[in-house]
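Understanding the architecture of this molecule
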Amino acid sequence: MKRVLNKKVLYGLYNDEEILMTAIKQIKKEDADIMDVFTPFPVHGLDPVLGLNESRLHIAGFIYGMTGTTLAFGFMSWVFTRDWPIIFGGKPYFSVPAFIPITFEFTVLMAAVGMVITFYLVCGLGFGVENPYLDPRITDDKFCIAFDVSHSSKEEVEALSVLLERTSAEEVHTKDI
Amino acid sequence: MSTVVSNVRPPLVTGNKTYHQITEDICSPTEKLPGMGWVLCLLGSLGLLAFGGIAVFFTLWFGIGTWNLNRTVGWGWDITNFVWWVGIGHAGTLISAILLLFRQKWRTGVNRAAEAMTIFAVICAAFFPGIHMGRMWMAFFVFPYPNTRGPLWVNFNSPLLWDVFAISTYFTVSLLFWYTGLVPDFATIRDRAKGFRKKIYNFLSMGWTGSAKHWQRWESLSLVLAGLATPLVLSVHTIVSFDFATSVIPGWHTTIFPPYFVAGAIFSGFAMVCTLMIITRSILSLEDYITIEHIESMNKVIVLTGSIVGVAYLTELFVAWYSGYIYEQYAFYNRAVGPYWWAYAAMMTCNVISPQFFWFRKIRRSLVWTFVLSIVVNIGMWFERFVIIATTLARDYIPSSWSYYTPSWVEMGIYLFTFGLFGTLYLIFMRVAPVVAIAEIKAILKSSGDQYVGPAVAERTGEINAGLHHDTHEEHLTETTPDTKKTSESDLRIGETSIDKNIEDFKEDLNFEDGEGSEKDDK
């Protein structure tokens, strides 16, 4: 599944994450609108500089986990008190301590599986997905700042590339993705 | 960001690496033809797999009558091997989850391979209860699914069923955690590959781009998965120990089992990681990433957990005596001096005495010693499970049903089969996936690479603290600062640009590095 964004992108490649951080601060100061930043590894402190909101993935994880708890505990209780009550080793039908291990395991299972699926869905990732990429070296040692210039005038593009170069970008390119 | 770092801790990435070199070093094994060492290992594994396959076939064809289990000893090598493999499977998630929460940077060098080991070990473990069922293809009966027998449900009160849930959850969560970490690294390989390989890695990397928002979510996901996996990993061996502890068999019915099993699992798991890492780093020449520091850290964990296990053995003996309960007393007396005394002696020697060698720094840092002792530890841990299972069962309540158990060749063959399976899977993993987490290593390079934290003092002089002790604080500042800059060309560039950083920025960084360091989850 090849994804096309129909965008024209101007991007600068940097050699180091520290240069990248200074560059982003500079660009933000000059009020240019950064489309995205691509890095080969998670760069520490990038989110606040870019103004990204905190991920809400953990909230989703909590909800999945709670669903798992309820499902597992509810199901076992239903089976042993309503559907097919059997006495095991003299324990009561509703033997809560014996239900705890499975309830716990199922909570973890649901939270983990749910979160991972959510992660891939919201990021638009998945087996066979081909997202457009700007430069193959981004997954190696280049740090990239990208601007969406689909609707920008030639002068604006020019100004942005000067800005990129001024903030020590090693290379500046445009690409249709 | 990493202008000020402590050089008290020895570097975790040596060889003056740049980001590109890291990519190159770790990706290259997946890109060239395998060497002779790898081929020989693979042939060996396949050989074991083939021989073991015959044993598995015998079991499936003729039934578990081909095993030497008897009316008294209903669990033999099968469950011993199951617990042994599950125990080994504990180190991976411990390294990737618990050490992530504790912000131990050395985990980045070994977490990928250790997690792979976990997954393969759990596959081997799960094979044993499966084949013990005899009709393995009926194994799905253990899951509570709607059926035409009533529906008659499985027994949710049984520790054996808890085990089903624990192992399958553990396997699933470890797999997801591992794969999520692999996605960005597969993308790195994808962007270097050509032709058909590119297609494969394109599929595996799921369209990863390295966008800032994706990284942020990825980190959030890793952190929460680590938080989930931490109690999970402790629960799994706890529940495995419930298989024994919740029974009413003297020698099994002890409350010490859960913590003692967990410590034993970490003990054997780390030993297996050491064995594998020593082989892996030499086959793939990854000495710069899996350093002696990593091996030493793991050996420290081994000596700690080994001592916990030792204390647990002695506590068991004491409690058996102190309980005043003759059946319990006899169970332990019988373990130590009964017909299986040799297994007990092997367990005590390998698990309690051998790890104590790791109190010596020279031995902790010696590859040969580590390799030998890590194998000794795993032999010991196998004997521990055998002692618990076979010796206890062999002495039934009524002396007329006392028995003795020795495995048949089929049982031994199945054990070898899992070795072959494990070896084959691990060797294939070594060829197709980055054995060291590329992105995570890059993220710690500036706080733990040798060009930043100073030369590998420890390596050269054998003394970590050489030249690091000063009388005044000023000396510290003057000495550490130059170390953190330059040495290679690309680093010079960093130096140049950081000149225009103002004082505030610098202070910010200083506070920042004073804190937790730049582990990937730190927000």
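Residues numbered from 1 in each chain as written. Chains lettered and ligands numbered in written order. Predicted model: local features only at pLDDT ≥ 70, side-chain atom pairs only at ≥ 80, totals over all residues. Heavy atoms only, no water.

Per an unreviewed UniProt entry, chain B goes by Molybdopterin oxidoreductase (EC) and derives from uncultured Aureispira sp. In UniProt, chain B has this text filed under Sequence similarities (unreviewed entry): "Belongs to the NrfD family." (UniProt positions renumbered as here; feature names shortened; annotations may be inferred.)

In the nomenclature of an unreviewed UniProt entry, chain A corresponds to ABC-type Fe3+ transport system protein Molybdenum transport protein, putative from the organism uncultured Aureispira sp.

Glancing now at the packing of aromatic side chains. All names here are of chain B. Summed over the entire model, instances satisfying the criterion amount to 67 aromatic pairs over all chains. Plain terms: the ring middles of Tyr179 and Phe186 are 5.9 Å apart, the flat faces sit at 50° to each other, and that makes the pair tilted. Of the two residues examined, Tyr179 and Phe186, each falls in the buried class. Ring centres of Phe357 and Trp369 lie 5.5 Å apart, and the angle between their planes is 40°; on these two criteria the pair is classed as tilted. You can see Phe357 sitting in the loop between helix 12 (341–353) and helix 13 (361–364) and its partner Trp369 sitting in helix 14 (residues 367–394), a full twelve residues away along the chain. Residue Trp369 is classed as partly exposed on the basis of its relative accessible area, which comes to 39%. Above the plane of the ring of Phe141 lies Arg149, whose end atom (NZ or CZ) is 4.6 Å from the centre. A cation over an aromatic ring shows up here: Arg431 above the ring of Trp38, its NZ or CZ 5.5 Å from the ring centre. (Phe/Tyr/Trp six-rings, centres within 6.5 Å; stacked < 30°, edge-to-face > 60°. Buried < 20%, exposed > 50% of the residue type's maximum accessible area, 1.4 Å probe, protein only. Helix = DSSP H or I, 4+ residues; strand = E, 2+ residues; numbered from the N terminus. Lys NZ or Arg CZ within 6 Å of the ring centre and 35° of its normal.)

Right, let's get into the packing of helix 4 (residues 96–123) of chain A against helix 6 (residues 159–192) of chain B. Relative to each other, helix 4 of chain A and helix 6 of chain B sit at 20°, their axes nearing to 9 Å. Accordingly, the angle class assigned to the pair helix 4 of chain A and helix 6 of chain B is roughly parallel. Considering the relative orientation of helix 4 of chain A and helix 6 of chain B, their crossing is left-handed. On helix 6 of chain B, the residues touching Ala98(A), Pro101(A), Ile102(A), Glu105(A), Phe106(A), Val108(A), Leu109(A), Ala112(A), Val113(A), Val116(A), Phe119(A) and Tyr120(A) of helix 4 of chain A are Leu161(B), Trp162(B), Phe165(B), Ala166(B), Thr169(B), Thr172(B), Val173(B), Leu176(B), Tyr179(B), Thr180(B) and Val183(B). (Axes fitted to C-alpha atoms, helices over the stretch in contact; angles between N-to-C directions. Parallel < 35°, antiparallel > 145°, perpendicular 65-115°, else oblique. Left-handed = near helix turned anticlockwise from the far one by under 90°. Contact = heavy atoms within 4.5 Å.)

Right, let's talk about the pattern of salt bridges for a bit. Counting across every chain of the model gives 19 salt bridges over all chains. Taking the shortest distance from any N to any O, the salt bridge between Glu30(A) and Arg166(A) comes out at 3.0 Å. One end of the pair, Glu30(A), is in the loop between helix 1 (17–29) and strand 2 (36–38); the other, Arg166(A), is in helix 5 (residues 154–166), with 136 residues separating them in the sequence. Classification of Glu30(A) as partly exposed rests on a relative accessible area of 36%. Among the salt bridges present, the one from Arg365(B) reaches Glu296(B), with a minimum N-O distance of 2.5 Å. Of the two residues, Arg365(B) sits in the loop between helix 13 and helix 14 while Glu296(B) sits in helix 10 (residues 292–323), which places them 69 residues apart along the sequence. In the salt-bridge network here, residues are joined through shared partners; they are Glu293(B), Glu296(B), Arg361(B), Arg364(B) and Arg365(B). (Salt bridge = Lys/Arg side-chain N within 4 Å of Asp/Glu carboxyl O.)

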